[in-house]
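So the chains spell out like this:
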Amino acid sequence: MQNKKHKIYLKLLVMILALELIAFSLNMFFEPNKVAAGGATGIAILLYEGWSIPTSLSVLLINIIMLIFSYFHLDKKTTIKLAFGSFLLPILLFITPVYNILPGNKIVSIIVGSIIFGIGLAILYTLDMSSGGTTVPPMIIHKNFGIDKYISLFIIDGFVCLGNIAMTGLLSFFLAVMSVAISSVAIKVFTIIEGK
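Only a predicted model underlies this, so the values are computations on that prediction, with no experimental measurement involved. (Residues numbered from 1 in each chain as written. Predicted model: local features only at pLDDT ≥ 70, side-chain atom pairs only at ≥ 80, totals over all residues. Heavy atoms only, no water.)

### Here's the deal with the side chain of Thr135
Okay, so step 1: With respect to the helices, strands and loops of the structure, Thr135 is situated in the loop between helix 5 (106-126) and helix 6 (136-145).
Okay, so step 2: A polar contact of 3.0 Å, which involves the side chain of Thr135, links it to the side chain of Ser130.
Okay, so step 3: Beyond its immediate sequence surroundings of up to four residues, Thr135 is in contact with Leu82, Ser130 and Leu153. (Helix = DSSP H or I, 4+ residues; strand = E, 2+ residues; numbered from the N terminus. Polar contact = N/O pair within 3.5 Å; in protein donor to acceptor, adjacent residues only side chain to side chain. Contact = heavy atoms within 4.5 Å.)

See below:
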């Protein structure tokens, strides 16, 4: 019983670390460079650039909407799993300062940020957890139509990346696409290393 409690606490601690890696990458690399690389956090960066809505608030609102969809379209266990990351990530985004660690070098900044972001996501995936947000629609689509979750997520991320053209320019769009690719590779590499 005691051992089971320790495992739960350790899992929660690792999940908090993973979510902080995501918050850190967003606040130190993506937001200062005005690059929205997919997901709820990417939408939040676009909303900040367009209307100065704080990213933590946007992510919270998007996550709440997605949790409502999850509650009605997915099972209760999945919704509970999503809830923890959905509420904790906006808190971590709020308390983690926004600061450009690598000023004057957008490309290197996005590469480093994408690797950190990918590692954070990979840790969540290995724990079978999520930060919520745009991971919900692909789960619903998969459940109802059998379409692979990664295809739906890729399409959603693509639309968010396109939002860069309107809000922050063509360079940000290319950096966002590059970021999605680097994060995907980082997730794969970390998952392979973790599985050994």
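### Some words on the environment of Pro138
Okay, so step 1: Secondary-structure assignment places Pro138 in helix 6.
Okay, so step 2: Judged by its relative accessible area of 2%, Pro138 is buried.
Okay, so step 3: Remark: the alpha-carbon pair of Pro138 and Leu162, spanning 24 residues in sequence, is separated by 19 Å.
Okay, so step 4: When sequence neighbours within four positions are dropped, the list of residues in contact with Pro138 reads Lys149, Ser152, Leu153 and Ile156. (Buried < 20%, exposed > 50% of the residue type's maximum accessible area, 1.4 Å probe, protein only.)

### Describing the confidence of the model for the protein chain
Okay, so step 1: Mean pLDDT over the protein chain: 92, with 98% of residues reaching 70 or higher.
Okay, so step 2: Looking across the protein chain, the model is least confident in helix 8 (residues 170-195), with a mean pLDDT of 88, and most confident in helix 3 (residues 55-73), with 96. (pLDDT = per-residue confidence, 0-100.)

### Describing the pattern of salt bridges
Okay, so step 1: In total, this model carries one salt bridge according to the counting rule given.
Okay, so step 2: The residue Asp128 makes a salt bridge to Lys81 at a minimum N-O spacing of 2.5 Å. Here Asp128, found in the loop between helix 5 and helix 6, pairs with Lys81, found in helix 4 (residues 76-95); they are 47 residues apart in sequence, far enough to count as distant. (Salt bridge = Lys/Arg side-chain N within 4 Å of Asp/Glu carboxyl O.)

### Some points on the packing of aromatic side chains
Okay, so step 1: Under the criterion given, the structure shown has four aromatic pairs.
Okay, so step 2: Between Phe30 and Phe117, the aromatic rings sit 6.2 Å apart at their centres with planes inclined by 70°, giving edge-to-face as the arrangement. Residue Phe30 is found in helix 1 (residues 2-30), and its partner Phe117 is found in helix 5; the two are separated by 87 residues along the sequence.
Okay, so step 3: According to the relative accessible area criterion, Phe117 is buried, its value standing at 13%. (Phe/Tyr/Trp six-rings, centres within 6.5 Å; stacked < 30°, edge-to-face > 60°.)

### Side note on the packing of helix 2 (residues 39-51) against helix 3
Okay, so step 1: Contact pair helix 2 / helix 3: the axes reach a minimum separation of 8 Å and the direction vectors enclose 130°. Our classification of the angle between helix 2 and helix 3 gives oblique. Both helix 2 and helix 3 take part in a crossing whose hand is right-handed. Here Ala40, Thr41, Ile43, Ala44, Ile45, Leu47 and Tyr48 of helix 2 come into contact with helix 3, specifically with Thr55, Ser58, Val59, Ile62 and Asn63.
Okay, so step 2: Partitioning the contact of helix 2 with helix 3 into residue classes produces eight nonpolar, four polar and no charged. (Axes fitted to C-alpha atoms, helices over the stretch in contact; angles between N-to-C directions. Parallel < 35°, antiparallel > 145°, perpendicular 65-115°, else oblique. Left-handed = near helix turned anticlockwise from the far one by under 90°. Nonpolar A, V, L, I, M, F, W, Y, C, P; charged D, E, K, R; others polar.)

### Section: helix 2
Okay, so step 1: Across its 13 residues, helix 2 extends 18 Å between first and last C-alpha, which sits within 8% of the 18 Å expected from 1.5 Å per residue.
Okay, so step 2: Looking only at helix 2, the buried set comprises Gly39, Ala40, Thr41, Gly42, Ala44, Ile45 and Leu46.
Okay, so step 3: Where helix 2 is buried, its residues touch helix 1, helix 3, helix 4, helix 5 and helix 7 (149-167).
Okay, so step 4: Residue Ser52 follows helix 2 closely and has a positive phi angle near 55°. (Expected span 1.5 Å × (residues − 1).)

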